[in-house]
Amino acid sequence: VWSKWPMKAVKDRIRKVMYKEHGRLIAQSVRKDSEEIISEIDDVFMHAREWRCVEEVVPGLAGYKSGLHTLSDGTQIVVRLSPKYVEARQGEWPTIKALIEGRLDLGEGEVDQVQYFHAWCKIAYESLMFGEPGSYKPGHAMVLAGPVGCGKSRLQTNVITGLLGGRHADPTPFLLKEDNFNGDTARAEHQMMEELLTSSWSAEARAALSEAIKRMVANTSHRMRLMKTDPRIVELFWRLSISLNNDPDKLRAFPMLTPDFRDKVVMLLVAKRPLPMPTKTAAEQKLFNDKVRSELPAYAYWLLNEFKLPEKMLVDEMGEDATRFGFASYQHPSLAAQLFDDSPAAQLLSLIDAAEFQSKVEGKCALWELTYPLNTSGRKQRGGEWVNLPNVWRGSAELLEELLTGELEGYTSNVAKAAKRLLNRTGAANMLGRLAADRIDRVCKGDTSQARGWIIAAPAAQAMTPQADE
């Protein structure tokens, strides 16, 4: 710990060290019959001012040990306090194990969420213990969603905060740009949000929040602004966790899982089950906290030396390397579905399913019932007419927009007004790209050597691929 001392205490300390190391006291005043202008002790302070000057003294910085540090811009600062590192030590951790598995092991037929929690903690702990400012490995934002009283906050407070140095801060005001000063978040390794306390659930607000979260988890350098100081850029160790109520109305505050955001998020569904120890009274709560804290070294040892990341977690859905954040992202299907249902892409798919197109030639029909040339699924038979595939439409995003908005000559659309409102905000191509990632059973890219386009399958119909259609 570095602390601020009164001048007299510093002088006394220097004199004591001088006597112990060199056998004499350092002079506190100008000695008689000497050419000294200032005393020996003042000369020491003059030397310190010239050669040991620092730009700033901060209480703490996330991922920095106490002491003197040189930032990437050459600025020298003193960090007063270190995080409380958990030193890995072999042992048992039954309480932590029961706490994690009791909330995240959802039973047979479910994805093993416990592995994702352990993987997240392993990558974070290894990075904090063995990395250094400027080279810390980034990590996903961890989202824990479940009913009230299920233990989401206990996983955050008791396990994550304890494992990552014992310091946490709520970054909500800074992320939402409600406060320009972020000294509290700059010195906390664990950025912990309990519910999303936002005044707006608009698409614009959610998009802004997703951009802020992406910067927090992916960037190595962050802006720090303390009171009465100029902002500066520092390389911090941050891990972000968010606990949410999985009620649909509460979940709506979370950003939509767009392709450029979902790969930065691990989203786990938390079950409501009894805790491994009673916590009704203050004494019981203290016993529980102390027990978990005492098991953290053993949990850290297990993460470092025994837990291995499954191979399937090291690649994404496309088989590509996914180790930028240590392992591939994951979102529990029920949570992802709720977020998808509230997205513009989901609204587009609903409009497509509800759309009926009327014309003198074809009468009233659904999108996949249109014929060539408005639907290029299938192929032209040798010596005959074009025959479309059943329950499949193929065409360009521009043609789809014209059909849905009723702007294609000779055709009307029963969803024209709603389609115009939706497509004025976001183009069909962007939303189809989202659907191709989220609803591979319904939408995929359908480019050919002749034209670019999309393939859309009818509800409950088998999705087609460009290769199958050729």
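Placed above this text is the structure.
A few points on the structure. (Residues numbered from 1 in each chain as written. Predicted model: local features only at pLDDT ≥ 70, side-chain atom pairs only at ≥ 80, totals over all residues. Heavy atoms only, no water.)

### Some details on the packing of aromatic side chains
Geometry of an aromatic ring pair is reported as the spacing of the ring centres plus the angle between the planes.
1) Next: Taken as a whole and judged by the stated rule, the model has 9 aromatic pairs.
2) Next: With a centroid separation of 4.2 Å and 15° between ring planes, the pair formed by Y372 and W386 is classed as stacked. Here the residue Y372 occupies a position in the loop between strand 13 (363-365) and strand 14 (379-380), and W386 occupies one in strand 15 (residues 386-387), the gap between them amounting to 14 residues.
3) Next: Judged by relative accessible area, Y372 falls into the partly exposed class, the value being 44%.
4) Next: For W386, a relative accessible area of 28% gives the class partly exposed.
5) Next: One aromatic cluster is present, built from ring pairs that chain together W93, Y299, W302 and F307.
6) Next: Cation over ring: K445 sits above W454, and NZ or CZ is 4.5 Å from the ring centre. (Phe/Tyr/Trp six-rings, centres within 6.5 Å; stacked < 30°, edge-to-face > 60°. Helix = DSSP H or I, 4+ residues; strand = E, 2+ residues; numbered from the N terminus. Buried < 20%, exposed > 50% of the residue type's maximum accessible area, 1.4 Å probe, protein only. Lys NZ or Arg CZ within 6 Å of the ring centre and 35° of its normal.)

### Structural notes on the sheet that holds strand 2 (residues 67-70)
1) Next: The sheet built from 3 strands is open, its strands ordered 1-3-2 with mixed pairing. Edge strands, defined here as strands with exactly one partner in the open sheet, are strand 1 (56-58) and strand 2. Taken pair by pair, the neighbouring strands of this sheet meet at an average axis angle of 30°, ignoring direction.
2) Next: Bridge count for strand 1 against strand 3 (residues 76-79) is 3 bridges, and the pairing is parallel. (Pairing = 2+ DSSP bridges. Axes fitted to C-alpha atoms, helices over the stretch in contact; angles between N-to-C directions.)

### Overview of the pattern of salt bridges
Where side chains of opposite charge bring their charged atoms close, a pairing between them can arise.
1) Next: Enumeration over the complete set of coordinates arrives at 20 salt bridges.
2) Next: In this structure, D441 engages R439 in a salt bridge whose closest nitrogen and oxygen atoms are separated by 2.9 Å.
3) Next: One salt bridge connects R452 with D447, and the closest N-O pair in it is separated by 3.8 Å.
4) Next: Among the residues examined, R452 registers a relative accessible area of 63% and is labelled exposed.
5) Next: Counted as one network, the salt bridges with shared partners bring together R24, R31, E36 and E40. (Salt bridge = Lys/Arg side-chain N within 4 Å of Asp/Glu carboxyl O.)

### Some words on the packing of helix 1 (residues 7-22) against helix 2 (residues 40-51)
1) Next: Close contact between helix 1 and helix 2 brings their axes to 11 Å; oriented N to C, the two are set at 105°. Comparing the axis directions of helix 1 and helix 2 gives the class roughly perpendicular. Mapping the contact onto sequence places M7, V10, K11 and I14 in helix 1 and I41, D42, V44, F45 and R49 in helix 2. (Parallel < 35°, antiparallel > 145°, perpendicular 65-115°, else oblique. Contact = heavy atoms within 4.5 Å.)

### Some words on the side chain of K122
1) Next: Position of K122 relative to the elements: it lies in helix 4 (residues 113-130).
2) Next: Those residues in contact with K122 that lie beyond four places of it in its chain are L303, L304 and F307.

### Observations concerning a negative patch on the surface
1) Next: Residues D316, E317, E320 and D321 make up a contiguous surface patch of negative charge.
2) Next: Examined against the element boundaries, E320 turns out to sit in the loop between helix 11 (282-305) and strand 11 (330-331). (Patch = residues over 30% accessible without salt bridge, like charges linked within 9 Å, V, L, I, M, F, W, Y side chains within 5 Å. Areas by Shrake-Rupley, 256 points an atom, 1.4 Å probe, with all protein chains shown as cover. Lys, Arg positive; Asp, Glu negative; His and termini not counted. Charge placed at Lys NZ, Arg CZ, Asp CG, Glu CD.)

### Description of helix 1
One turn of the α-helix equals 3.6 residues, which is why residues spaced by three or four share an orientation.
1) Next: Here helix 1 spans 22 Å end to end across 16 residues, near enough to the 22 Å set by a 1.5 Å rise per residue.
2) Next: Once helix 1 ends, the next one or two residues include G23, with phi positive near 75°. (Expected span 1.5 Å × (residues − 1).)

### Re the environment of Y136
1) Next: Along the polypeptide, Y136 turns up in the loop between helix 4 and strand 4 (141-146).
2) Next: In this structure Y136 comes out as buried when scored by relative accessible area, which is 9%.
3) Next: C-alpha separation for the pair Y136 and W238, spaced 102 residues apart in sequence, amounts to 9.0 Å.
4) Next: Apart from the residues within four sequence positions on either side, Y136 is in contact with G63, Y64, S127, L128, G131, L236 and F237.
5) Next: From its side chain, Y136 meets the backbone oxygen of G63 in a polar contact 2.3 Å long. (Polar contact = N/O pair within 3.5 Å; in protein donor to acceptor, adjacent residues only side chain to side chain.)

### Some thoughts on the pairing of strand 10 (residues 265-269)
1) Next: The element strand 10 is largely enclosed, with a buried count of 5 among its 5 residues.
2) Next: Of the two faces of strand 10, both are covered, the one formed by V265, M267 and L269 as well as the one formed by V266 and L268.
3) Next: As judged from the 5 bridges shared by strand 4 and strand 10, these two strands associate in the parallel manner. Bridging from a neighbouring strand, A145 pairs with L269 of strand 10.
4) Next: The pairing of strand 10 with strand 11 spans 2 bridges and is parallel. Residue pairing for strand 11: M267 is matched across the bridge by Q331.
5) Next: Traced from strand 10 through helix 11 to strand 11, the parallel crossover comes out left-handed. (Right-handed = clockwise from strand over helix to strand, strands pointing away.)

Everything listed is a geometric property; what it means functionally is a separate question.
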